[in-house]
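Coordinate inspection notes
Here is what each chain is made of, one letter per residue.
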Amino acid sequence: MRRDRLFLAVALVVAVAALAFVSCGGGGGKAKKSTPTTLKKAAAPLIWPLTGVADPLDQAKTRCAVTVKIDNTSNSLPKYGVEQADVVYEEVVEGGLTRLAAIFHSQAPTKVGSVRSVRKTDQSLVTPIGGVFAYSGGAPYAIDSINTAPVVRLDENHAGPAMFRDHTRNAPFNLYAHVDQMYARCGEPKPPPPLFAYRSAKSPVAGGAVSSVRVGFLAGLAVDWTWDAASGTWQRAVFSRHETESGIPLAPKNVVVMTVSYVGGDPRDGNIGAEATLLGSGKLQVFTAGKVITGTWTRPDRAKPAKLLDATGAEIKLAPGQTWVELPDASYPVTVTAPPSAP
């Protein structure tokens, strides 16, 4: 009996020692602390920076932005390739005429134009994004201005085969750009930074309902934008039509109206040489999702794009897709039409 009790006691001691050994991690070291599982943060979705549209193949990092100056008079109709731009700026030039600066990144059209000359406003538009700036030429004061921007400048004399004349049309409205070839002229394929913030498809949109808006540019170039709920776009009309050669209408997801002042022009010559003041702040109207959001644009730094702020100071988020930015002078009317009241 005493032997059995002794055997049981020894067995109990051995079991306790073994348990202590395991709990300490063996070898007399400190007990290992369990490490909580860390959940990996999901990677941000890949998007094209100038549209907010998905970029599943991560192509954005392989090319820079290409900005092309494009005529905006009836002499140049139909337009080529503008419907494929990520962002389009509409600026005032001399005599109240307007001209486009179309920025390409996510698409690579083979024919864009007609290509026209540089103006002083352009350096301010392209400084934040860099890349290639394509134009037909320009007056010395305008060329001196674009030379201050961090872009590869391609005029007709230096573009080589990336620009061509269509001799079935009259000059100067017959110069076109091969944007697909211009990406190779960037040097370093550095993608542009985003110009705007974008919202998700399910995000609510503030603002008042709008059926159309007219931006009152002069010289018969007032632009009408009409909301089309079926496509979720703003249909553009100038000269009662604004068709492209492809037949695809010019119909962006967003229209941004940044009211500016044009300064420094020569009033004796149609205000030639005037430049939009794009530093500082000004009145803003953002048309998106069939609504208008009013606020302020602000841009204290030439190297960075303007921020679009609502009345509370929050950044306005756009619908992913193409955006047109209108740059009317502060003296031009912007007329907003609300939809008819439901019966």
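Since the model is a prediction, treat every value here as computed from it, not as a measurement. (Residues numbered from 1 in each chain as written. Predicted model: local features only at pLDDT ≥ 70, side-chain atom pairs only at ≥ 80, totals over all residues. Heavy atoms only, no water.)

Further remarks concern the packing of aromatic side chains. Think of a pair of aromatic rings as described by two things: how far the centres are apart, and how the planes are tilted against each other in angle. For the structure on display, the rule yields seven aromatic pairs. Summarising the aromatic geometry, the rings of Trp225 and Trp324 are spaced 5.4 Å apart at their centres and angled 65 degrees between planes, so their arrangement reads as edge-to-face. A residue pair is termed long-range when its members are at least 10 positions apart, and Trp225 in strand E12 (residues 223–228) and Trp324 in strand E21 (residues 323–326) qualify at 99 residues. Of the two residues examined, Trp225 and Trp324, each falls in the buried class. Ring geometry for Trp227 and Trp234: centres 5.0 Å apart, planes at 50 degrees, overall tilted. Note on Trp227: relative accessible area 22%, which makes it partly exposed. Among the aromatic residues, those joined into a ring-pair cluster are Tyr80, Phe164 and Tyr176. (Phe/Tyr/Trp six-rings, centres within 6.5 Å; stacked < 30°, edge-to-face > 60°. Helix = DSSP H or I, 4+ residues; strand = E, 2+ residues; numbered from the N terminus. Buried < 20%, exposed > 50% of the residue type's maximum accessible area, 1.4 Å probe, protein only.)

Attention shifts here to the state of the cysteines. Each disulfide consists of one covalent bond between the sulfur atoms belonging to two cysteines. Summed over all chains, the structure comprises one disulfide. Here Cys64 pairs with Cys186 through a disulfide, and the sulfurs are 1.5 Å apart. In this pair, Cys64 sits in the loop between helix H1 (2–23) and strand E1 (66–71) while Cys186 sits in the loop between helix H4 (179–182) and strand E9 (197–198), placing the two residues 122 residues apart along the sequence. By relative accessible area, Cys64 is classed as buried at 2%. (Disulfide = S-S within 2.5 Å.)

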